[in-house]
Amino acid sequence: MAVPAQAALGGIKGAIEREERAGLSYVFYGRVLVLALLAIYTVLSVPATRSVVYLGVMAVFLVLGLIPYLLQRRRRIGVMGVGAFLVADALLLTVLMVAPNPLFGADLPVQFTQRLPNFLFLLLFLCGVALSYSPKLVLLVGAGLAGAWSLGFLWLATRSDTILFRASDVVDMSVRTDVERATRSLDPHAVNVTLWMIQTVILVLVTLVLALSVWRSRRLVGRVARTEAAKMALSRYFSPNLVSRLASSATPIGEIQRQPAVILFVDIVGFSGQAEGLAPERVVALLRSFHRRMAEQVFAHDGTIDKYIGDCVMATFGTPQSGPRDASNALRCARAMCADLVRWNAKRAARGAQPMAVGIGLHYGPVVMGNIGDERRLEFGVVGDTVNVASRLERLSRRLETQVVASDAAVIQAGREGCPREVLGAFDPAGRTEIRGRQESLAIWTLAPAGAARQDQVAVAE
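Residues numbered from 1 in each chain as written. Predicted model: local features only at pLDDT ≥ 70, side-chain atom pairs only at ≥ 80, totals over all residues. Heavy atoms only, no water.

> So what's going on with the overall build of the chain? Which residues, and what values?
Counting its secondary structure elements, the chain contains 15 helices and 11 strands. Across the 462 residues that make up the chain, the buried fraction comes to 42%. Carbon and sulfur atoms form 62% of the exposed surface of the chain, whose accessible area is close to 24600 Å². (Helix = DSSP H or I, 4+ residues; strand = E, 2+ residues; numbered from the N terminus. Buried < 20%, exposed > 50% of the residue type's maximum accessible area, 1.4 Å probe, protein only. Areas by Shrake-Rupley, 256 points an atom, 1.4 Å probe, with all protein chains shown as cover.)

Next up, the structure:
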C-alpha cells in the first residue's frame, strides 16, 4: 500500500490554512454582529444627543474591520497582516476608553474612566479574535490589548492630579482613619493600582486560555482529518468494516507478520483476444468495470484487495487481521463473483457485447505480509507459497473448464469454521493436481457443475 505521508500532511495543513483564512472572515462577521447589537442598545437606552456620537464611533470600528476583511479576501494580506489591523483596533479602543469622554462634561476627572466597566469590551474584543482559528493571532492581539491597557493606566497614573492607591490601603488600619481611607479610595481622582493589576492578569490568562483552546481544536481537526484520510486510503484495499478498526489500531499495518490466510485470484478468461479489437479507452473502461464488480464482492465478504494485475484481481481473506470465517467468506465470495458475472453478461448481451468468463483460484495456508518496497515507495503486500498456489489454481480453471478451483485446504478450513452446507455443497472434489515447484500433489475442488473435472481426474497446473 502506498503511503504518501508528505502529501497527506500537506493536504491537511492546506485545509487548516484555508479554515484559518475563513476564520478571519468570521472575526469580521462577529464584529458586525456585536456592533449591531450595541447600536440597538445605544438607540434604545442612550439619549439622542449622546447616541449619535456612540454610533459614529461604532461606524469607525466597522470600517476598520472592513478594510482588512476585504484585503485578506483578495489575498493581499495574511494572518499577521490582519493581526496588525486588530492591534491598531485594540490601541484605538483603549484610547477611547481611557481618554476623557466629552459627553460626561468637565466635572468628572479623566481618572474616573477607570471606574467604568469598559474593561469588559476588551475581553469581548479578544473573544471575537478567537473566531480566527489562529492561536498566533489570539496571542498577538491579547498582547496588544494588555500592552495598550497598561499604557493607558500608566498615562492616568503619571498625571499630576492622580491619587494612586492599592486595595490593601483600604484595610490598612495603621495608615489612616476610616474616613481618610474611604475618602481616598472614593476620590474621583483616585486610580486603583490593584484593579489594573487584576485586569491585566485576567487579560493575559484569557489570552492564553483562548489561544490554547484554538490550538487544541486545530490539533483535534488535524487528528480527525488524518484519521479520515487513513480511512479513505484503507478503504481502497480493505472491507469497510475493517477500516475503522485498522485506522485506530496502535499496531503499524506495515509490520512484517506471518499468519494463515486465504488467497483468491480472479482473472478474465481470454481478455487479450477481446481487447485487441477495442479502443484503448474501451479497454480501460472494461477493466474498471470488472475491477469494481470484483472488489465489491471482496469487500462484501470481508476480504482485502491486495493488488490489481492487469485484468487479474488478487484478494486476501484473513489479512491484515485473521477472522473466524476467512475461508468460508472466500468460498462465498467466489460464488458471488460468478453470480455477479451472470448479471453483468446479461447486461452486456442486451447491448450486443460479448460475454465475459472468469477463472478463480483459492488456497489456504501461511502467508507473510508487510510493507514491500524501498523508502521512496512502499506497498502493503502478501507473499509466500500460498499466493503462488492460488495463482496456479486460477490458471488451472481454464484447463478444467470450470470457473472456480479451490484447494482442499481451503475447503477443509471452511468446514472447520462451520461454513453453511449450501456453500460447501456447491463444490465437488476434482481429484489431485501437481503444482509446479511443489513435491506433493494437491487435492482440489471445483464449483459445480464441474464440467470436465471429476474425482478421478488428475491435471498438471502450469
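Additional details are given in the paragraphs that follow.
> Account for helix 13 (residues 385–399), with residues named and values stated.
The terminal C-alpha atoms of helix 13, which comprises 15 residues, lie 22 Å apart, in line with the 21 Å expected from a rise of 1.5 Å per residue. Along helix 13, the positions that sit buried rather than exposed are Thr386, Val387, Val389, Ala390, Ser391, Arg392, Leu393, Glu394, Leu396 and Ser397. Phi turns positive one or two residues past the end of helix 13, at Glu401, with a value near 50°. (Expected span 1.5 Å × (residues − 1).)

> So what's going on with the packing of aromatic side chains? Which residues, and what values?
Throughout the structure, instances matching the rule amount to 7 aromatic pairs. Measuring from centroid to centroid gives 4.6 Å for Phe28 and Tyr69, while their planes differ by 15°, and the two rings are stacked. Here Phe28, found in helix 1 (residues 5–45), pairs with Tyr69, found in helix 2 (residues 48–73); they are 41 residues apart in sequence, far enough to count as distant. Each member of the pair, Phe28 together with Tyr69, is buried. (Phe/Tyr/Trp six-rings, centres within 6.5 Å; stacked < 30°, edge-to-face > 60°.)

> Break down the pattern of salt bridges for me, with residues and values.
Scanning all chains against the criterion turns up 8 salt bridges. One salt bridge in this structure joins Asp340 and Arg293, with 3.4 Å as the shortest N-O distance. One end of the pair, Asp340, is in helix 12 (residues 326–350); the other, Arg293, is in helix 11 (residues 280–300), with 47 residues separating them in the sequence. Like Arg293, Asp340 is buried. One connected set of salt bridges, linked through shared partners, spans Asp267, Glu394 and Arg398. (Salt bridge = Lys/Arg side-chain N within 4 Å of Asp/Glu carboxyl O.)

> Describe in detail a positive patch on the surface, supporting the description with residues and values.
A cluster of basic residues, Arg216, Arg219, Arg223 and Arg226, forms a positive patch at the surface. Tracing the backbone shows Arg226 in helix 8 (residues 193–235). Under the relative-accessibility criterion, Arg226 is labelled partly exposed at 39%. (Patch = residues over 30% accessible without salt bridge, like charges linked within 9 Å, V, L, I, M, F, W, Y side chains within 5 Å. Lys, Arg positive; Asp, Glu negative; His and termini not counted. Charge placed at Lys NZ, Arg CZ, Asp CG, Glu CD.)

> So what's going on with the packing of helix 11 against helix 12? Residues and values would help.
For the pair helix 11 and helix 12, interaxial distance at closest approach is 9 Å and the crossing angle is 145°. Crossing of helix 11 against helix 12: the hand is right-handed. Here Leu286, Ser289, Phe290, Arg293, Met294, Gln297 and Val298 of helix 11 come into contact with helix 12, specifically with Cys333, Ala336, Met337, Asp340, Arg343, Trp344, Lys347 and Arg348. In terms of residue class, the contact of helix 11 with helix 12 is made up of 8 nonpolar, 2 polar and 5 charged. (Axes fitted to C-alpha atoms, helices over the stretch in contact; angles between N-to-C directions. Left-handed = near helix turned anticlockwise from the far one by under 90°. Contact = heavy atoms within 4.5 Å. Nonpolar A, V, L, I, M, F, W, Y, C, P; charged D, E, K, R; others polar.)

> Describe in detail the nonpolar core, supporting the description with residues and values.
Inside soluble globular proteins, nonpolar side chains tend to come together where they are buried. Counting residues in each nonpolar core, the largest one holds 40 residues, and the members touching the most others are Leu264, Val266, Ile360 and Leu362. A total of 9 residues in this core trace back to one element, the largest contributor, which is helix 12. Among residues more than four places away in sequence, those in contact with Ile360 are Leu264, Phe265, Val266, Ala334, Met337, Cys338, Leu393, Glu394, Ser397, Gln403, Val404 and Val405. The next biggest cluster of nonpolar side chains, apart from the first, holds 36 residues, and it includes Leu24, Phe125, Ala146 and Ala211. (Core = buried A, V, L, I, M, F, W, Y, C linked by side-chain atoms within 4.5 Å.)

> Give me the pairing of strand 4 (residues 304–309): which residues, what numbers.
Here strand 4 pairs with strand 5 (residues 312–317) via 5 bridges, running antiparallel. Across the sheet, Tyr308 pairs through a bridge with Val313, a residue of strand 5. (Pairing = 2+ DSSP bridges.)

> Any details on the pairing of strand 9 (residues 427–435)? Residues and values, ideally.
Pairing between strand 9 and strand 10 (residues 442–447): 5 bridges, direction antiparallel. Paired with Asp428 across the strands is Thr446, a residue of strand 10. The antiparallel pairing of strand 9 with strand 10 creates a hairpin that spans 6 residues between the two strands, and Gly437 there sits at a positive phi of about 95°.

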